[in-house]
Amino acid sequence: LKFWVVRFGSILAAIAGAFLIEFVARQTLDDYSRRLVVLAAIYVTLAVSLNLINGITGQFSIGHAAFYMVGAYTSGFLTNTFIQQANLPPLLWLILVCIGGALGASIAGFLVGLPSLRLRGDYLAIVTLAFGEIVRIFVQNSDWLGGSYGMNVPFNENYIWLVWLLAFTTIACSRNLLQSARGLTFLAVRENEVAAQAMGVPITAVKVTAFVVGSAFAGAAGGMLAHYESFITPMTFAMDQSFIILTMVVLGGSGSITGATLAAIVLFALPEQLRNLPPVSGATLAAVFIALIAAVALTKKTESQESLSKPERRKRYAIYWIGGILAGILLAYALSIIPIMRETTFEAGKLRMLIFAVTLIVLMMLRPQGVMAHHEFSWAWLRKVLKIQKLQQRESEP
Amino acid sequence: MLVTAIVLMLLLSQLVQRTSAGRAMRAVAQDFDSASLMGINVNKIITLTFIIGSALAGAAAMMTATFIGTPLTTFVGVQPGVKAFVAAVLGGIGSIPGAVLGGLLMGIAETMVVWVGLSSYRDAIALVILIVVLLFKPGGLLGSSAVEKV
């Protein structure tokens with residue numbers, strides 16, 4: 001009984017959460033921020049679905065934007081062709097069309113998943129990349145899909161809650177998959193293919209399933225995007241989209257659903273927030289970089305010294321980072337004595353991708369396994385982390 | 001330009017096949033841990049390969065810049081970077097003749113497509129060839145598709 005209570009409770013909580021987000025977004029935010037809320041949900045869906053292929057099954061795919069694109073164009077095409085005849089209520093139509101997009105994308109996923117049976121590592125990655133580019137070039141040259149001008153999707157309603165509900169569904173599906181015996185076979189394929197095969201795991205079926213399910217969710221996200229924006233072009237789904245989604249998965253810790261979700265939101269929000277920074281002078285910029293490099297180098301050095309105890313190591317990290325910040329401020333003042341450093345200014349809006357990239361490099365150097373590593377958020381996990389910290393405090397006190 | 005490319009290619013294959021640094025590189029590629037047990041400084045070798053690879057990319061960039069004809073932008077390296085990766089995989093990763101063959105095949109295929117008149121599909125055709133080749137020869141054209149042993 002408890003099982004069903006928990007299950008229905010979480011379904012209701014997800015729906016309530018989606019409506020809450022819709023309500024808050026409608027009441028407090030302007031159009032621009034509301035669009036960001038929708039896009040964040042789409043990115044969460046994409047990252048979690050790529051995590052299923054990339055993190056959980058271990059098939060290195062860098063063509064996720066292709067599935068996203070197939071979904072968007074399939075649903076857009078359906079709306080363009082049939083919305084006049086169908087005459088359904090818009091909500092029902094949107095759901096149907098997104099399912100259509102998901103189906104289209106899952107067929108594409110099946111097509112890519114099939115060759116992946118024979119390929120691994122770099123070779124699979126390059127095939128997925130190639131598939132993504134081929135799809136984009138094909139669409140760009142098909143006039144009946146709008147070609148490189150893009151495609152209009154005549155649809156004017158927008159439902160923020162539906163997009164978030166899709167994101168929640170994706171998270172729930174991959175979590176439940178991981179809890180089941182079938183999910184364990186996915187993990188087995190990631191850890192060691194040969195051993196998994198020896199234990200009787202159908203590797204072929206598992207890989208293709210991962211591709212089909214992952215791309216179906218990406219396709220649904222594409223459908224949502226097409227109908228929210230009402231306009232899609234092939235360049236919306238260029239190669240760098242795939243890379244951004246991949247970055248989200250890797251940064252969050254590949255294999256961790258929580259990590260993918262958090263990283264998707266943060267990595268999507270960060271470049272948007274950085275647009276509004278005030279311009280910085282060359283001196284500040286140089287000081288920040290020097291301090292950052294010094295702090296990272298010292299941290300890495302301490303990491304490799306194995307004789308130190310844990311509290312000692314923590315203390316050193318704290319000293320390095322606080323010292324780094326102070327030294328950076330001092331250095332910034334010192335450097336602004338040099339006139340050329342003081343007078344050249346950089347617009348932060350233009351530097352934002354640089355800041356983004358530097359953040360990524362620093363994070364990956366300090367924590368190569370991703371922010372969440374293999375952990376998932378759960379109450380038990382949180383309790384464990386807190387307990388460990390309390391124990392450590394008690395140890396260090398006397 | 002052709003002479004430069006050929007000379008660089010020969011130099012690189014001599015370096016990889018004949019020198020001790022080259023042998024160390026191949027050892028690291030084969031097995032990380034065993035290589036370090038054999039007294040190879042793995043970090044140093046990786047740094048060295050990055051230095052050599054970037055230097056060669058720089059040489060290629062100089063050659064490109066002399067005939068590209070359009071003003072250089074910061075995005076000039078994106079397409080060649082991806083295509084280089086595709087060419088290396090097409091020929092088989094880890095094989096220098098393979099990379100040369102892959103690059104030549106891709107270049108010829110692209111030019112042929114433009115000649116036939118489908119210039120808008122220029123970037124796609126090399127990728128289609130790549131997928132077809134990998135379907136039949138998963139290790140690339142000249143690469144060895146090693147069977148994984150337990």
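Please refer to the structure higher up on the page.
Now for a description of the structure that goes with this document.

1. Section: the overall build of chain B
Stage number 1. The helix and strand inventory of chain B stands at seven helices and zero strands.
Stage number 2. With respect to the three principal axes, the spread of C-alpha positions in chain B is 55 × 35 × 25 Å.
Stage number 3. When the 150 residues of chain B are sorted by exposure, 24% land in the buried category.
Stage number 4. Put simply, 46% of the contacts in chain B that link residues at least 6 apart link residues at least 24 apart.
Stage number 5. If you sum the accessible surface of chain B, you get close to 10,000 Å²; carbon and sulfur atoms cover 72% of it.
Stage number 6. If the 8 positive side-chain charges of chain B are averaged to one point and the 5 negative ones to another, these points end up 11 Å apart.

2. Concerning the overall build of chain A
Stage number 1. Helix and strand counts for chain A come out as 16 helices and four strands.
Stage number 2. Here chain A holds 398 residues, and the buried ones make up 45% of them.
Stage number 3. Of the contacts made within chain A by residues no fewer than 6 positions apart, 82% connect residues no fewer than 24 positions apart.

3. With respect to empty space enclosed by the protein
Stage number 1. This structure, assessed with the given rule, holds three cavities of 30 Å³ or more.
Stage number 2. Forming the walls of the largest cavity are 13 residues, and the residues nearest its centre are Gln 79, Val 82, Lys 83, Asp 123 and Leu 127 of chain B.
Stage number 3. Secondary-structure elements contributing two or more residues to the lining of the largest cavity are helix H5 (122-140) of chain A together with helix H5 (78-91), helix H6 (96-116) and helix H7 (122-136) of chain B.
Stage number 4. Residue composition of the lining of the largest cavity, grouped by class: eight nonpolar, one polar and four charged.
Stage number 5. The calculated volume of the second largest cavity comes to roughly 70 Å³.
Stage number 6. Lining the second largest cavity are 13 residues, and of these Ala 65, Gly 132, Glu 133, Met 239 and Ser 242 of chain A sit closest to its centre.
Stage number 7. Taken together, the elements giving at least two residues each to the lining of the second largest cavity come down to helix H3 (64-86), H5 and helix H10 (239-252) of chain A.
Stage number 8. Looking at which element gives the most residues to the lining of the second largest cavity, the answer is H5 of chain A, with four residues.
Stage number 9. Its residues assigned to classes, the lining of the second largest cavity comprises eight nonpolar, four polar and one charged.

4. Quick notes on the packing of aromatic side chains
All names here are of chain A.
Stage number 1. What the rule picks out here adds up to eight aromatic pairs over all chains.
Stage number 2. Aromatic pair Phe 19 and Trp 161: ring centres 4.6 Å apart, planes at 20°, arrangement stacked. Pair noted here: Phe 19 is in helix H1 (residues 2-28) and Trp 161 is in helix H6 (residues 160-179), with a separation of 142 residues, a long-range link.
Stage number 3. With centroids separated by 5.9 Å and ring planes inclined at 45°, the aromatic side chains of Trp 164 and Phe 168 adopt a geometry described as tilted. Taken as a pair, Trp 164 and Phe 168 lie in helix H6 at a separation of four residues, close to a single helical turn.
Stage number 4. Look at Trp 164 and you get buried, because its relative accessible area is 10%.
Stage number 5. Cluster of aromatic residues (ring-pair linked, three or more members): Phe 19, Tyr 159 and Trp 161.

5. Let's talk about the interface of chain B and chain A
Stage number 1. If you look at the interface, chain B gives 23 residues, while chain A gives 18 residues.
Stage number 2. Regarding the contact of chain B and chain A, the summed buried area is about 1,900 Å², with carbon and sulfur atoms giving 75% of it.
Stage number 3. Our count for the contact surface shared by chain B and chain A stands at zero salt bridges.
Stage number 4. For the pair chain B and chain A, the interface holds zero residue pairs in polar contact (both at pLDDT 80 or more).
Stage number 5. Listing elements by their share of the side of chain B that touches chain A, those giving two or more residues are H5 and H7 of chain B.
Stage number 6. The biggest single contributor to the side of chain B that touches chain A is H7 of chain B, with nine residues.

6. Brief notes about the pattern of salt bridges
A side chain with one charge may pair with a side chain of the opposite charge, provided their charged atoms come close.
Stage number 1. Applying the stated rule across the entire model yields five salt bridges over all chains.
Stage number 2. With a closest N to O distance of 3.5 Å, Lys 207 of chain A and Glu 193 of chain A form a salt bridge. Residue Lys 207 of chain A is located in helix H9 (residues 203-229), and its partner Glu 193 of chain A is located in helix H8 (residues 193-198); the two are separated by 14 residues in the primary sequence.
Stage number 3. Look at Lys 207 of chain A and you get buried, because its relative accessible area is 1%.
Stage number 4. Note that Glu 110 of chain B is salt-bridged to Lys 83 of chain B, the shortest N-O span being 3.4 Å.

7. A word on the side chain of Thr 57 of chain A
All names here are of chain A.
Stage number 1. Position of Thr 57 among the secondary structure elements: in the loop between helix H2 (31-56) and H3.
Stage number 2. Within the structure, Thr 57 has its side chain in polar contact with the backbone oxygen of Leu 52 (distance 2.8 Å).
Stage number 3. Setting aside residues up to four positions removed in sequence, Thr 57 forms contacts with Leu 52, Phe 186, Val 189, Arg 190, Val 206 and Ala 210.

8. Thoughts on the environment of Thr 64 of chain B
Stage number 1. By the secondary structure assignment, Thr 64 of chain B is in helix H4 (residues 42-67).
Stage number 2. When the C-alpha atoms of Thr 64 of chain B and Ala 21 of chain B are compared, they prove to be 29 Å apart, with 43 residues separating the residues in sequence.

9. Some thoughts on the side chain of Glu 133 of chain A
Stage number 1. Locating Glu 133 of chain A in the fold gives a position in helix H5.
Stage number 2. Taking relative accessible area as the criterion, Glu 133 of chain A reaches 7% and is therefore assigned buried.
Stage number 3. Within the local environment of Glu 133 of chain A, its side chain forms a polar contact with the side chain of Arg 136 of chain A, the two groups lying 3.0 Å apart.
Stage number 4. What Glu 133 of chain A contacts, discounting residues up to four positions off in sequence, is Met 239 of chain A together with Gln 79 and Leu 127 of chain B.

10. Some thoughts on H4 of chain B
Residues and elements named next belong to chain B.
Stage number 1. Relative to the 38 Å expected for 26 residues at 1.5 Å per residue, H4 spans 38 Å between its end C-alpha atoms, a close match to the ideal helical length.
Stage number 2. The set of residues buried in H4 consists of Val 42, Ile 45 and Met 63.
Stage number 3. Elements that come into contact with the buried residues of H4 comprise helix H1 (2-18), helix H2 (20-30) and helix H3 (32-37).

11. Examining the packing of H1 of chain B against H2 of chain B
All names here are of chain B.
Stage number 1. Axis separation between H1 and H2 bottoms out at 5 Å; the angle between their running directions is 75°. For the element pair H1 / H2, the angle class is roughly perpendicular. Between H1 and H2, the residues in contact are Leu 15, Val 16, Gln 17 and Arg 18 and Ser 20, Gly 22, Arg 23, Met 25 and Arg 26, respectively.
Stage number 2. When the residues that make up the contact of H1 with H2 are grouped by side-chain class, the tally is three nonpolar, three polar and three charged.

What counts, and where the lines are drawn
- Residues numbered from 1 in each chain as written.
- Chains lettered and ligands numbered in written order.
- Predicted model: local features only at pLDDT ≥ 70, side-chain atom pairs only at ≥ 80, totals over all residues.
- Heavy atoms only, no water.
- Helix = DSSP H or I, 4+ residues; strand = E, 2+ residues; numbered from the N terminus.
- Buried < 20%, exposed > 50% of the residue type's maximum accessible area, 1.4 Å probe, protein only.
- Contact = heavy atoms within 4.5 Å.
- Areas by Shrake-Rupley, 256 points an atom, 1.4 Å probe, with all protein chains shown as cover.
- Lys, Arg positive; Asp, Glu negative; His and termini not counted.
- Charge placed at Lys NZ, Arg CZ, Asp CG, Glu CD.
- 1 Å grid on protein atoms, 1.4 Å probe; cavity = no way out; pocket = protein on both sides within 12 Å on 5 of 7 lines; lining within 4 Å.
- Points joined across faces, edges and corners; volume = space filled by probe spheres on them.
- Nonpolar A, V, L, I, M, F, W, Y, C, P; charged D, E, K, R; others polar.
- Phe/Tyr/Trp six-rings, centres within 6.5 Å; stacked < 30°, edge-to-face > 60°.
- Buried area = accessible area lost by both parts, 1.4 Å probe.
- Salt bridge = Lys/Arg side-chain N within 4 Å of Asp/Glu carboxyl O.
- Polar contact = N/O pair within 3.5 Å; in protein donor to acceptor, adjacent residues only side chain to side chain.
- Expected span 1.5 Å × (residues − 1).
- Axes fitted to C-alpha atoms, helices over the stretch in contact; angles between N-to-C directions.
- Parallel < 35°, antiparallel > 145°, perpendicular 65-115°, else oblique.

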